[in-house]
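Summary of structural features
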Amino acid sequence: MTYEINQTLPRSFGRLKSGESNTPTFASHVRGVLASLLPRYGLLIAFLVLWQVSSTRGWVNPAVFPPLNVILSALWTNLANGALLDDIAVSLQRSGTAFAFAVVVGIPLGLFMGQFRAVEQALDPILQLFRQTSALALYPVFILLLGLGETSKIFVIFWATLFPVLLATIGGVKEVDKKLIEMARTYGAGPLTVFRRVILPASVPAIFVGLRLSATTALLLLIAAEMIGANKGIGFQVMNAQYNFQIPLMFAAILLLAFLGLAANALLVLLQRRLCRWSQPSA
């Protein structure tokens with residue numbers, strides 16, 4: 001026992017003395033993190049650094065493009081004093097309500113149209129016509145019909161977010177492997193069982209693609225909806241700050257919208273991974 005300890009201590013002491021303990025491991029860990037982050041976020045980091053440097057050194061007009069630290073300071077100040085919290089709540093309520101209606105209408109209609117070709121052929125021309133018509137071009141029509149209140153704002157966002165969900169759902173149903181459906185019918189599964197156990201699970205990944213596109217569209221249309229006839233909301237704050245030449249606050253509101261979009265996308269991706277574990281590639 002004494003011999004083993006005496007034989008082990010010199011080797012351990014020699015490694016510690018020569019400085020070979022944790023330094024190579026930490027350095028390799030840092031290199032691994034940088035190697036994984038730089039290919040994905042390298043251009044974004046370079047863009048943000050260029051923005052900060054060019055604004056602080058006067059390469060661009062800082063009154064038009066404030067430094068990032070000034071924008072972040074304006075964002076923090078208006079969040080801390082509650083100036084933006086009401087706007088966030090109002091904007092999330094508008095976009096969330098419209099998105100929920102788009103999901104409730106788009107997914108069932110898409111599942112129905114995807115399974116019945118005659119229904120799809122009958123409805124597809126008018127859907128394509130409406131899809132190719134810009135929701136912003138129809139916004140004045142919605143205002144005439146529904147007024148300048150919340151209803152027209154929610155409806156124009158719903159109109160724009162409906163089609164990504166609907167078309168993705170139709171495509172997901174049509175791309176289900178026909179052999180799986182035939183196999184289920186061969187084993188005696190009825191139409192409802194085939195839909196519940198085969199068609200619906202196989203369509204979920206495509207449906208989530210449509211949901212993510214719709215969530216992004218909802219935030220984009222939210223800005224346009226809140227720029228007309230609104231006195232609350234993040235889009236209103238963007239226009240109000242621009243009119244009052246509060247440029248840091250304007251960029252802060254735009255940055256806040258970007259964060260909300262990223263958060264919504266991340267939430268949907270997390271939900272998709274939980275519901276579609278079977279479709280994830282194995283490590």
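Only a predicted model underlies this, so the values are computations on that prediction, with no experimental measurement involved. (Residues numbered from 1 in each chain as written. Predicted model: local features only at pLDDT ≥ 70, side-chain atom pairs only at ≥ 80, totals over all residues. Heavy atoms only, no water.)

**Details of the packing of helix α6 (residues 135–146) against helix α7 (residues 150–174)**
Running from N to C, α6 and α7 cross one another at 145°; their axes reach a closest spacing of 9 Å. Crossing geometry of α6 relative to α7 is assigned as right-handed. Residues Ala135, Leu138, Tyr139, Phe142, Ile143 and Leu146 of α6 lie in contact with α7, whose contacting residues are Thr151, Ser152, Lys153, Phe155, Val156, Trp159 and Ala160. Among the residues making up the contact of α6 with α7, the classes are represented as 10 nonpolar, two polar and one charged. (Axes fitted to C-alpha atoms, helices over the stretch in contact; angles between N-to-C directions. Helix = DSSP H or I, 4+ residues; strand = E, 2+ residues; numbered from the N terminus. Left-handed = near helix turned anticlockwise from the far one by under 90°. Contact = heavy atoms within 4.5 Å. Nonpolar A, V, L, I, M, F, W, Y, C, P; charged D, E, K, R; others polar.)

**Digging into the environment of Gly106**
Tracing the chain through its elements places Gly106 in helix α4 (residues 85–115). On a C-alpha basis, the gap between Gly106 and Ile207 in space is 9.8 Å, while along the polypeptide they are 101 residues apart. Leaving out residues up to four positions away in the same chain, Gly106 has contacts with Leu162, Val165, Leu166 and Thr169.

**A look at the nonpolar core**
Proteins that are soluble and globular tend to have nonpolar side chains buried together. Counting residues in hydrophobic clusters, the biggest one holds 42 residues, and the most contacted among them are Val156, Ile157 and Ile234. At the level of elements, α3 (68–80), α4, α6, α7, α9 (191–226), α10 (234–243) and α11 (247–275) are the ones that each hand at least two residues to this core. A total of 10 residues in this core trace back to one element, the largest contributor, which is α7. Non-local contacts of Ile234, meaning those with residues more than four positions away in its chain, are made with Asp87, Ile88, Ser91, Glu226, Ala253, Leu256, Leu257 and Leu260. Core analysis: the second largest hydrophobic core is formed by 18 residues, Val173, Val176, Ile207 and Phe208 among them. (Core = buried A, V, L, I, M, F, W, Y, C linked by side-chain atoms within 4.5 Å. Buried < 20%, exposed > 50% of the residue type's maximum accessible area, 1.4 Å probe, protein only.)

**A short note on the pattern of salt bridges**
Taken as a whole, this structure holds three salt bridges when the rule is applied. Salt-bridge contacts for Glu226 lead to Arg94; the nearest nitrogen and oxygen are separated by 2.9 Å. Of the two residues, Glu226 sits in helix α9 while Arg94 sits in helix α4, which places them 132 residues apart along the sequence. On the basis of relative accessible area, Arg94 is assigned to the buried category, the value being 4%. One salt-bridge network, in which partners are shared between bridges, spans Arg94, Glu150 and Glu226. (Salt bridge = Lys/Arg side-chain N within 4 Å of Asp/Glu carboxyl O.)

**Re α11**
Side chains that are three or four residues apart share a direction in an α-helix, a result of its 3.6 residues per turn. The end-to-end C-alpha distance of α11, which contains 29 residues, comes to 42 Å, matching closely the 42 Å that a straight helix rising 1.5 Å per residue would cover. Those residues of α11 that fall on the buried side of the exposure criterion are Ile247, Leu249, Met250, Phe251, Ala252, Ala253, Leu256, Leu257, Leu260, Leu268, Val269 and Gln272. (Expected span 1.5 Å × (residues − 1).)

**Describing the packing of aromatic side chains**
Two aromatic rings are characterised by how far apart their centres lie and by the angle between their planes. For the structure on display, the rule yields 11 aromatic pairs. Aromatic pair Phe65 and Phe251: ring centres 6.1 Å apart, planes at 40°, arrangement tilted. Highlighted residues: Phe65 in the loop between α2 (23–56) and α3 and Phe251 in helix α11, separated in sequence by 186 residues. Ring geometry for Phe130 versus Trp159: centroids 5.3 Å apart, planes at 65°, classification edge-to-face. Linking Phe130 in helix α5 (residues 117–132) with Trp159 in helix α7, this pair joins segments that are 29 residues apart in sequence. (Phe/Tyr/Trp six-rings, centres within 6.5 Å; stacked < 30°, edge-to-face > 60°.)

**So, the confidence of the model for the protein chain**
Close reading of the predicted structure is inappropriate where its pLDDT is low. With 87% of its residues at a pLDDT of at least 70, the protein chain reaches an overall mean of 82. Contacts of residues 1–23 to residues separated by more than four positions or lying in other chains number four contacts, the stretch itself having pLDDT below 50. (pLDDT = per-residue confidence, 0-100.)

**Some words on the side chain of Thr161**
Counting through the fold element by element, Thr161 comes out in helix α7. Side-chain polar atoms of Thr161 contact the backbone oxygen of Phe158, separated by 3.2 Å. Apart from residues no more than four positions distant in its own chain, Thr161 is found in contact with Ala98, Ala102, Ser214, Thr217 and Ala218. (Polar contact = N/O pair within 3.5 Å; in protein donor to acceptor, adjacent residues only side chain to side chain.)

**Observations regarding the packing of α4 against α5**
Packing of α4 against α5 brings their axes to within 6 Å, and their N-to-C directions diverge by 125°. Relative to α5, the element α4 is oriented oblique. Side by side, α4 and α5 meet where Phe112, Met113 and Gln115 of the first sit next to Arg117, Val119, Glu120, Leu123 and Leu127 of the second. Of the residues in the contact of α4 with α5, the class split is five nonpolar, one polar and two charged. (Parallel < 35°, antiparallel > 145°, perpendicular 65-115°, else oblique.)

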